[in-house]
Amino acid sequence: MTNQQLFIRKAIKLSLENVQTGKGGPFAALIVKDNIIIASGTNLVTSLNDPTAHAEIIAIREACKILGTFHLEGCEIYSSCEPCPMCLGAMYWARLAKIFIASIMQDAADVGFDDAFIYSEFSKQISERKIPMVLIPQSEALAVFKEWKEKKDKIKY
């Protein structure tokens, strides 16, 4: 059995434990660097009353804390399921090297975790989205971006 298979099976095992303990949904993730598990996370949305407490987000936050960095270059994530839009975005922001999944979004949709609506919202114009998004232009907001652009000692990410 390869390390990749071992890691994905561990993620699946964690997701099952999460269901059995009632801490959250059927999702888990591991962050791995150089074939060593750096961090893990399970879905804790309902137990923390936090809609962002997805397994992948929990694992990314923990790995960044452990590694003392805001990016995870050179790391891989092993997830029990294809990531939702929020988690996929976080994975790109974290600069993960590779994403391994044990199931696809349709599998999750079949048991009530359907992200198709959210994915479809991204391609719509702001004015056509389900949640109204209202632009209230403020020159001060643009001034902040200008200051950031000109800042010499910024830490780029």
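Conventions used here
- Residues numbered from 1 in each chain as written.
- Predicted model: local features only at pLDDT ≥ 70, side-chain atom pairs only at ≥ 80, totals over all residues.
- Heavy atoms only, no water.
- Helix = DSSP H or I, 4+ residues; strand = E, 2+ residues; numbered from the N terminus.
- Expected span 1.5 Å × (residues − 1).
- Buried < 20%, exposed > 50% of the residue type's maximum accessible area, 1.4 Å probe, protein only.
- Contact = heavy atoms within 4.5 Å.
- Salt bridge = Lys/Arg side-chain N within 4 Å of Asp/Glu carboxyl O.
- Patch = residues over 30% accessible without salt bridge, like charges linked within 9 Å, V, L, I, M, F, W, Y side chains within 5 Å.
- Areas by Shrake-Rupley, 256 points an atom, 1.4 Å probe, with all protein chains shown as cover.
- Polar contact = N/O pair within 3.5 Å; in protein donor to acceptor, adjacent residues only side chain to side chain.

Caption draft 1: Structural context of helix H3 (residues 55-67). Taking 1.5 Å of rise per residue, 13 residues should cover 18 Å, and H3 covers 18 Å from first to last C-alpha, within 8% of that figure. Every buried residue belonging to H3 is among Ala-55, Glu-56, Ile-57, Ala-59, Ile-60, Ala-63 and Cys-64, and all of these are buried. Those residues of H3 hidden inside the fold are in contact with strand E1 (28-33), strand E2 (36-42), strand E3 (75-79) and helix H4 (85-94). Gly-68 occupies a position one or two residues after H3 and carries a positive phi of about 65 degrees.

Caption draft 2: Examining the pattern of salt bridges more closely. Evaluated as defined, the whole model comprises 5 salt bridges. Two residues, Glu-17 and Lys-13, come together in a salt bridge whose shortest N-O distance is 4.0 Å. Highlighted residues: Glu-17 and Lys-13, both in helix H1 (residues 3-21), separated by 4 residues, approximately one helical turn. Judged by relative accessible area, which is 34%, Glu-17 ranks as partly exposed.

Caption draft 3: Examining a nonpolar patch on the surface more closely. Side chains of Phe-70, Trp-93, Trp-148, Ile-155 and Tyr-157 sit close together on the surface and give an oily, nonpolar patch of about 670 Å² of accessible area. Locating Ile-155 in the fold gives a position in the segment after helix H7 (139-150). Looking at Ile-155, the relative accessible area reads 59%, which means it is exposed.

Caption draft 4: Spotlight on the side chain of Asn-18. Turning to its location among the elements, Asn-18 is positioned in helix H1. Polar side-chain contacts of Asn-18 include one of 2.7 Å to the backbone oxygen of Asn-43. Not counting chain neighbours up to four residues away, the residues in contact with Asn-18 comprise Lys-23, Gly-24, Gly-25, Phe-27, Thr-42, Asn-43 and Leu-44.

Caption draft 5: Quick look at the environment of Ile-38. By the element assignment, Ile-38 lies in strand E2. For the pair Ile-38 and His-71, spaced 33 residues apart in the sequence, the C-alpha separation amounts to 13 Å. Beyond its immediate stretch of four places on either side in the chain, Ile-38 contacts Ile-31, Val-32, Lys-33, Ala-63, Ile-66 and Leu-67.

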